[in-house]
Amino acid sequence: MTMITSLPRVRTARRTGHLPRLLLAAGAALVPWACALAARLPATAEAAHWATAWTGLDLMIAAGFVATGTLLRRGDPRHALTAAGTAALLAADAWFDVLTAAPGADRTVAITLAAVAEIPLAALCCALALRAFPPATSPNLSAPTGD
């Protein structure tokens, strides 16, 4: 008897047309754009909706935790998607918290929160997302069972 392991089909670059090239080009184009921004943006700026922006980011992170926990409790593999998104939001939150904090006590608090909460939680979410995928196997999908 032969056992065949069924893995989900993955679209190849051949089937997705120009999308892989478009994404690669967009990533490459962002590098000089980022360099131009670094050279031209002012060192300081005022934001009219500063509190709303930070509150919204924290609420998105909260929604990510709730969605990931709910899907994980149900055994739904889509928790990998919400976990990955939440990890990205946590990493962005830590980055901007540290870089926008005023020197002194505010920056110390931001660094501490990033080190003991945001980055570890982002790592946990990454681990949850990666754990949802089956381990990589060889291209040979059939294996003899000894029968």
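Refer to the structure presented above.
The text that follows walks through the structure, step by step, so that each part is easy to find. Counting of residues starts from 1 at the beginning of each chain's written sequence and follows it residue by residue. The predicted origin of the model limits local features to residues at a pLDDT of at least 70 and limits the giving and counting of side-chain atom pairs to 80 or more, whereas totals for whole chains, interfaces and linings rest on all residues. Working from all heavy atoms in the structure, the side-chain values ignore hydrogens and water.

Overview of a nonpolar patch on the surface
The test is simple: A patch is a set of surface residues, each over 30% in relative accessible area and not in a salt bridge, joined within 9 Å for like charges and within 5 Å for the nonpolar side chains Val, Leu, Ile, Met, Phe, Trp and Tyr. Each accessible area is a Shrake-Rupley estimate made with a 1.4 Å probe; only the visible protein chains count as cover when residues are assessed. Here a salt bridge means any side-chain nitrogen of Lys or Arg lying within 4 Å of a carboxyl oxygen belonging to Asp or Glu. Elements are defined by DSSP. Helices are runs of H or I of four residues or more, strands are runs of E of two residues or more, and each kind is numbered from the N terminus. Any residue under 20% of the maximum accessible area for its type is buried, any over 50% is exposed, and the rest in between are partly exposed; the area is computed with a 1.4 Å probe on protein chains only.
Together, L30, W33, L37 and L41 give the surface a local cluster of nonpolar side chains, amounting to about 420 Å² of exposed area. With respect to the helices and strands, L37 occurs in helix α1 (residues 19-40). According to the relative accessible area criterion, L37 is partly exposed, its value standing at 31%.

Some remarks on the side chain of T68
Stated formally: In the analysis that follows, any N or O atom pair within 3.5 Å is treated as a polar contact, provided that within protein one partner can donate a hydrogen and the other can accept it, and provided that, for residues neighboring in sequence, both atoms belong to side chains.
Relative to the elements of secondary structure, T68 occurs in helix α2 (residues 50-73). One polar contact links the side chain of T68 to the main-chain amide nitrogen of A83, over a distance of 3.3 Å.

Quick word on the pattern of salt bridges
Scanning the model with the defined rule gives 1 salt bridge in all. Note that D76 and R78 form a salt bridge whose closest N and O atoms lie 2.5 Å from each other. Exposure remark for D76: the relative accessible area of 15% places this residue in the buried category.

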